[in-house]
Every structure is written in structure tokens, then in C-alpha cells.
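Chain residues, written in single-letter form:
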Amino acid sequence: MRLPLFNVVKSAFCTCLPKYNINPYLGRCSHGCVYCYAVKFPSFRGPVKPRLNLKEKVREAVARTKVKLPVMLSDCTDPYQPLEEKYEITRECLKVLAENGFPLLIVTKSDLVTRDIDLFKRTPTVVSMSITTLREEISSLIEPNAPSPERRFKALEKIAKEKIPTVLRIDPIIPTVNSDLEELEKLVSAASRIGVKQVTASTMKPVRGFFKRFKERVDRETYRRVLEAYSDGLWIAGYKYLPVEKRASLLRRLRSITLNYGLEFATCREGIQNLNTNICDGTAYCRNILNHYVVHNKE
Ligand code: SF4
């Protein structure tokens, strides 16, 4: 077995460049975000399952993997969910990858990520932290078991101070829940203050079953507003998309706010041209060969 390639779902407008992807944990991620798309996949339902012998599998795989593309941890469960403190599966895998010179793309909502700063200094690494709001009361509603926005920001600041490239993922934006532009500007402004390089944003794309879960989690008025926002949406590749003009209008305004703070901007799976000033997953910060992309897309 070689390192598994990340599944670029072109039909869902994914613009990621080739990379590998590893999920150190299976089952339902314990952060329990109401909008999590991973519940779409059977492997990511049910209790969290630590992949206890993953380190050995990764060691075998890197020996057979010649092309040193970046390795993302992770797309379907958080690599730093609470069980990681006990099992250290993510850390052991990162050690093997860093020893073998693979660049790393970390995507997380957890401040446990700062534990591995020493490994991020051994190989080109980009850390993306998902922070969808600064408002604790909203975060605890839509991401009930994830660390608070404040703890996430503190972790991002610590990593940025170590000169490790960081990306703020405002992913997803849920219409009428965390879509207020003033609130989004506070997020971007806070990110620019701590040295974040880029904002990558997306609008929520519910999977089947989302609205049932959402109804159980929020008050009637919030539920009604979000349901209405998606009433004229369309299903694409198993995800419900807001109409393109609604998405473009919100993301264009967030883009100009972000550029005003001197940060790069990108969108995730939106399929709207000329919004991105850089590559969505932060790859440009650990793959120098791609700099020419940045120059041509700032107009
Ligand atoms: S942190 Fe990511 S993987 Fe975990 S529940 Fe939230 S959206 Fe899903």
C-alpha cells in the first residue's frame, strides 16, 4: 500500500491539488459539529475508533511512496480530537511523515495541535484552524464538543509565532447563524493581528439528514430561517448548495474584507471563478513551486 490520495471530488467543485490524506480516527468525530459532512460516509459514523496500528501502516506506505506530495490530516475526523491525548496516533504518524520529508497539511479545531509544534518544524507544514465564529454561544450550538473559539485562536497564535504558516478556515458559514459580516470581519481582523496568512471560507452544504439533526439542536426560529435559506438551493454530488448568487454575494464581500487586512483569500468547494487569491488548502505555503499561481489571481 502507498499513502492514500485525497479524493478530489471535482463534481463538488473541489479545487485541491493532488495530496495524500490520512484519518487517524474512524467513527463519528467527537467534536460533534452539526454541519459535519463526514456523516455521509459509513466509516465515519458510530463511536470514535482509534486506528491503533496506523503508525506501522504509514511507515510501510511511505517506503513505497516516491512522490512527496503534502499529506493532509484530516478530511473526515479531527486528528486532534480528545482521544488523541491518550493514544497519540496522529503524533506517531506525523513523526514518520516528517522523518521521510513529507510536507504536512494539518486541519483541526483543537488546541491540542500545539503539542506537535516540534514536529511541524522538521518538515514544511501548514496548520489550518477551523473557527466559524468568535461567539461562544454560537460555537457551542453548532460545534458542541470542540474547544472554544478563544482556545483555538490562542493555539493559532502560538503556532504563527513559531513562523509556521497558518490558515483560518471559516468553514462553513451558515446563513443567518454565523454569516453576519461584522462578526466575520472581527474574525478576519483577529486573524491578521496574530499573523495568519490566509482565510479559506465556505458556505454550508448540508448532507442528507442535516435538517433533522439541526432541528433537534437549535430553537424553532433559527431552524426556520436556515431551512428557508436553503429552500431554493440545489443538490450537487450529495450536498445541498445555496443558489450561486447567494454564495457569491456573501463570499465576495468576505473576500474584500480579507484582502483589506492583507491576507490571502480562498473558497472551499464553491465553484465560483476568480475568488481565490491562493490555493484553498494552504498548499502554496509548503510547496514553493506553486508561487506563480498567486501572482496571476489578485486582480
Ligand atoms: S471537527 Fe470536522 S470532522 Fe469533526 S465533527 Fe467537526 S466538522 Fe466533522
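The coordinates are above.
The structure contained in this document is the topic of the report that follows. All values derive from a computational prediction rather than experimental measurement.

Conventions we followed
- Residues numbered from 1 in each chain as written.
- Predicted model: local features only at pLDDT ≥ 70, side-chain atom pairs only at ≥ 80, totals over all residues.
- Heavy atoms only, no water.
- Axes fitted to C-alpha atoms, helices over the stretch in contact; angles between N-to-C directions.
- Helix = DSSP H or I, 4+ residues; strand = E, 2+ residues; numbered from the N terminus.
- Parallel < 35°, antiparallel > 145°, perpendicular 65-115°, else oblique.
- Left-handed = near helix turned anticlockwise from the far one by under 90°.
- Contact = heavy atoms within 4.5 Å.
- Nonpolar A, V, L, I, M, F, W, Y, C, P; charged D, E, K, R; others polar.
- Buried < 20%, exposed > 50% of the residue type's maximum accessible area, 1.4 Å probe, protein only.
- Polar contact = N/O pair within 3.5 Å; in protein donor to acceptor, adjacent residues only side chain to side chain.
- Core = buried A, V, L, I, M, F, W, Y, C linked by side-chain atoms within 4.5 Å.
- Near = heavy atom within 4 Å.
- 1 Å grid on protein atoms, 1.4 Å probe; cavity = no way out; pocket = protein on both sides within 12 Å on 5 of 7 lines; lining within 4 Å.
- Points joined across faces, edges and corners; volume = space filled by probe spheres on them.
- Phe/Tyr/Trp six-rings, centres within 6.5 Å; stacked < 30°, edge-to-face > 60°.
- Lys NZ or Arg CZ within 6 Å of the ring centre and 35° of its normal.

### Comments concerning the packing of helix α1 (residues 54–64) against helix α3 (residues 89–99)
Between two packed helices, what matters for the description is the angle formed by their axes and the separation of those axes.
1) Next: Packing of α1 against α3 brings their axes to within 9 Å, and their N-to-C directions diverge by 15 degrees. With respect to α3, the element α1 is oriented roughly parallel. Remark: the crossing between α1 and α3 carries right-handed chirality. Mapping the contact onto sequence places L54, K55, V58, R59 and V62 in α1 and I89, E92, C93, V96, L97 and E99 in α3.
2) Next: Of the residues in the contact of α1 with α3, the class split is seven nonpolar, no polar and four charged.

### A closer look at the side chain of N178
1) Next: Tracing the chain through its elements places N178 in the loop between β7 (166–173) and α7 (181–193).
2) Next: On the basis of relative accessible area, N178 is assigned to the buried category, the value being 5%.
3) Next: Polar contacts involving the side chain of N178 include one to the main-chain carbonyl oxygen of P172, which spans 3.1 Å.
4) Next: From its side chain, N178 meets the backbone nitrogen of I174 in a polar contact 2.5 Å long.
5) Next: Residues within four places of N178 in sequence aside, it is in contact with T132, T133, P172, I173 and L184.

### Digging into the environment of T200
1) Next: Here T200 lies in strand β8 (residues 198–203).
2) Next: Here the alpha-carbon distance between T200 and E270, two residues 70 residues apart in the chain, equals 11 Å.
3) Next: Not counting residues within four places of it along the chain, the set of residues in contact with T200 comprises V167, L168, R169, I170, D171, A266, T267, C268 and C280.
4) Next: Within polar-contact distance, the side chain of T200 engages the backbone oxygen of C280 at 2.7 Å.

### Comments concerning the nonpolar core
1) Next: Of all hydrophobic cores here, the largest spans 54 residues; its most connected members are L3, V58, L97, I106, V113, F120 and I170.
2) Next: One finds C33, A38, F44 and V177 within the second-largest nonpolar core, a separate group that totals 21 residues.

### Observations regarding the site of the ligand
1) Next: Neighbouring residues of the ligand: R28, C29, H31, G32, C33, Y35, C36, C76, T77, D78 and K109.
2) Next: Its residues assigned to classes, the shell around the ligand shows five nonpolar, three polar and three charged.

### Here's the deal with empty space enclosed by the protein
1) Next: Applying the stated criterion to the full structure yields one cavity of 30 Å³ or more.
2) Next: Roughly 30 Å³ of internal volume is contained in the largest cavity.
3) Next: Lining the largest cavity are M72, L105, I106, V107, V126, S128 and D281.
4) Next: For the lining of the largest cavity, the secondary structure elements donating two or more residues are β5 (104–108) and β6 (125–130).
5) Next: Tallied by class, the residues present in the lining of the largest cavity amount to five nonpolar, one polar and one charged.

### Examining the packing of aromatic side chains
1) Next: Per the counting criterion, the structure on display carries seven aromatic pairs.
2) Next: Here F211 and Y230 contribute two aromatic rings whose centre-to-centre distance is 6.0 Å and whose plane-to-plane angle is 65 degrees, an arrangement assigned as edge-to-face. Taken as a pair, F211 in helix α8 (residues 210–217) and Y230 in the loop between α9 (220–229) and β9 (234–236) lie far apart in primary sequence, 19 residues in all.
3) Next: Through pairs of rings, three or more aromatic residues link up here, namely F210, F211, F214 and Y230.
4) Next: R269 extends its terminal NZ or CZ atom over the ring of Y239, reaching a point 4.5 Å from the ring centre.

### Observations concerning the environment of L263
1) Next: Residue placement: L263 occurs in the loop between α10 (244–260) and β11 (264–267).
2) Next: Here the alpha-carbon distance between L263 and L187, two residues 76 residues apart in the chain, equals 12 Å.
3) Next: Excluding residues within four positions of it along the chain, L263 makes contact with V188, A191, S192, V196, K197, V199 and T258.

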